[in-house]
Amino acid sequence: MMKTAIPEALMTLLSGEKLKDKQREAFLLQTVNEDGWPHSAMISVGEVLAADPYTFHLMLWPNTITTINLIRSNKAQLVIIHEGLVYYIKLRTKHHSAVNPDIHTGERFSARIHALKIDQAKYAKIETGIQVKLYNPDTVIERWQAQVEVLKHNPY
């Protein structure tokens, strides 16, 4: 399959920079469970990093259905709604060991783009995607920053 690059708008959104400004953004990470049913989970800018134009790095909570599904299938779809466009990104994933399990309990994955579809409504303007309000933004953003630093500086 032809390589599909991460669009520049998503490279900026998922750069790991200015997390405080992006704290309301959330995305869907979809996997398939053992019974073949779709499973959706929300992830944040602190859990996904655009590492290069073809690769995302992910750090997900351990022992969740999403993490278990990714370890088993090595496939996912990331859905991002940003600046009036909907991005459906099919991913092939690879699970990696923890960098320092005492500090960072997240499960690390690299994810290569398998296919990318960009969608927009012809009859309506897509104004927002999933947005959240953090209960304790300082603590969460501090954790996100630590996770993003691990994803940026610990190659697989």
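Here, every reference points to the structure presented above.
Nothing here was measured: the structure is a model prediction, and the numbers come from that model.

Visitor: What am I meant to see in helix α3 (residues 137–153) here?
Guide: In a regular helix each residue adds 1.5 Å, so 17 residues correspond to 24 Å; α3 covers 24 Å between its end C-alpha atoms and thus fits that length. V140, I141, W144, Q147, V148, V150 and L151 are the residues of α3 that are buried. Of the surrounding elements, those touching the buried residues of α3 are β2 (38–44), β3 (48–52), β4 (55–60) and β7 (107–119).

Visitor: How do you make sense of the nonpolar core when you look at a structure like this?
Guide: In summary, soluble globular proteins display a tendency toward joint burial of nonpolar side chains. By size, the foremost hydrophobic cluster in this structure holds 34 residues, and its most contacted members are L14, F27, F56, L58, L78, I80 and I89. Elements with a minimum of two residues in this core: α1 (8–13), β1 (25–32), β3, β4, β5 (75–82), β6 (85–96), β7 and α3. The greatest single-element share of this core, amounting to six residues, is contributed by α3. Aside from chain neighbours lying at most four places away, what touches L78 is F27, L28, L29, I43, V48, F56, Y87, Y88, I89 and L91.

Visitor: What should I look at first to understand the pairing of β2 in this one?
Guide: A regular strand places its side chains so that they alternate between the two faces of the sheet. Note: β1 against β2, seven bridges, orientation antiparallel. For L29, the partnering residue across the bridge sits in β2 and is A41. Linkage of β1 to β2, two consecutive antiparallel strands, is achieved through a turn of five residues, within which G36 is found at a positive phi near 85°.

Visitor: Help me out: how do you make sense of the pattern of salt bridges in this one?
Guide: Any two side chains of opposite charge can pair if their charged atoms end up close together. Under the criterion given, the structure shown has one salt bridge. One salt bridge in this structure joins E17 and K152, with 2.3 Å as the shortest N-O distance. Of this pair, E17 sits in the loop between α1 and β1 while K152 sits in helix α3, and the two are 135 residues apart along the sequence. Exposure remark for E17: the relative accessible area of 42% places this residue in the partly exposed category.

Visitor: I'm lost on the side chain of E47 in this one. Help?
Guide: Mapped onto the elements, E47 comes out in the loop between β2 and β3. Of the buried charged residues, E47 lacks a salt bridge, with R143 as the closest side chain of opposite charge at 5.2 Å. At 2.8 Å, the side chain of E47 and the backbone nitrogen of S44 are in polar contact. Here E47 is in contact with M42, H57, L58, M59, W61, Q147 and L151, once residues within four sequence places are set aside.

Visitor: How do you make sense of the environment of N69 when you look at a structure like this?
Guide: The topology assignment puts N69 in helix α2 (residues 65–73). Setting aside anything within four residues of it in sequence, one finds N69 in contact with T31, V32, N33, E34, H39 and N74. At a separation of 2.9 Å, a polar atom in the side chain of N69 contacts the side chain of T31.

Reading guide: rules and limits
- Residues numbered from 1 in each chain as written.
- Predicted model: local features only at pLDDT ≥ 70, side-chain atom pairs only at ≥ 80, totals over all residues.
- Heavy atoms only, no water.
- Helix = DSSP H or I, 4+ residues; strand = E, 2+ residues; numbered from the N terminus.
- Expected span 1.5 Å × (residues − 1).
- Buried < 20%, exposed > 50% of the residue type's maximum accessible area, 1.4 Å probe, protein only.
- Contact = heavy atoms within 4.5 Å.
- Core = buried A, V, L, I, M, F, W, Y, C linked by side-chain atoms within 4.5 Å.
- Pairing = 2+ DSSP bridges.
- Salt bridge = Lys/Arg side-chain N within 4 Å of Asp/Glu carboxyl O.
- Lys, Arg positive; Asp, Glu negative; His and termini not counted.
- Polar contact = N/O pair within 3.5 Å; in protein donor to acceptor, adjacent residues only side chain to side chain.

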